[in-house]
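Remarks on the overall topology
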Amino acid sequence: MTAPSEHLEQVRLVSWFRRTYPGVRIFAIPNGGGRSATQGAALKAEGVTPGIPDLFVPAWNLWVEMKRETGGVVSPVQRDWLAYLEGIGHHCIVGRGFEDAKRKIEGVKKPAG
């Protein structure tokens, strides 16, 4: 049996997160996907940067990089971004599938209020 795609794992995670934490906002960083050279150049000029984690939860300073349960690899540029974000006080997790990401998010110390 093939592991679900990263896309499907992320869709499931965002749906679960929004149901579980209705007052906490989560959003995706649209860095992936195929684009034309013109679209890619326009997005790069606007500040789109490779390696940024897939999801951000501003209230918790939490970044989530999603990978498939099996086979997903954190690239060097992604590792660099994760290290940078942690170095400035943000929390980062790499979720290897929905269940792993969910468990890690549940373990994050959330701010009071």
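Preceding this section is the structure that the text describes.
Before going into details, it helps to say that this report is about the structure given with it. (Residues numbered from 1 in each chain as written. Predicted model: local features only at pLDDT ≥ 70, side-chain atom pairs only at ≥ 80, totals over all residues. Heavy atoms only, no water.)

**A short note on the nonpolar core**
Counting 18 residues, the largest nonpolar core has L13, F17, W60, L62, V64 and I105 as the members making the most contacts within it. Listed by contribution, the elements that provide at least two residues to this core are helix 1 (6–20), strand 2 (55–57), strand 3 (62–67) and helix 4 (98–106). Residue contributions to this core peak at four residues, all from helix 1. If near-sequence neighbours (up to four positions away) are discounted, V64 is found in contact with L13, P53, D54, L55, I93 and I105. (Core = buried A, V, L, I, M, F, W, Y, C linked by side-chain atoms within 4.5 Å. Buried < 20%, exposed > 50% of the residue type's maximum accessible area, 1.4 Å probe, protein only. Helix = DSSP H or I, 4+ residues; strand = E, 2+ residues; numbered from the N terminus. Contact = heavy atoms within 4.5 Å.)

**Observations concerning the environment of V77**
Tracing the chain through its elements places V77 in helix 3 (residues 76–87). When its relative accessible area of 38% is taken as the criterion, V77 is described as partly exposed. Spatially, the C-alpha atoms of V77 and P50 are 7.1 Å apart, while their sequence positions differ by 27 residues. Those residues in contact with V77, other than ones at most four positions away along the chain, are P50 and G51.

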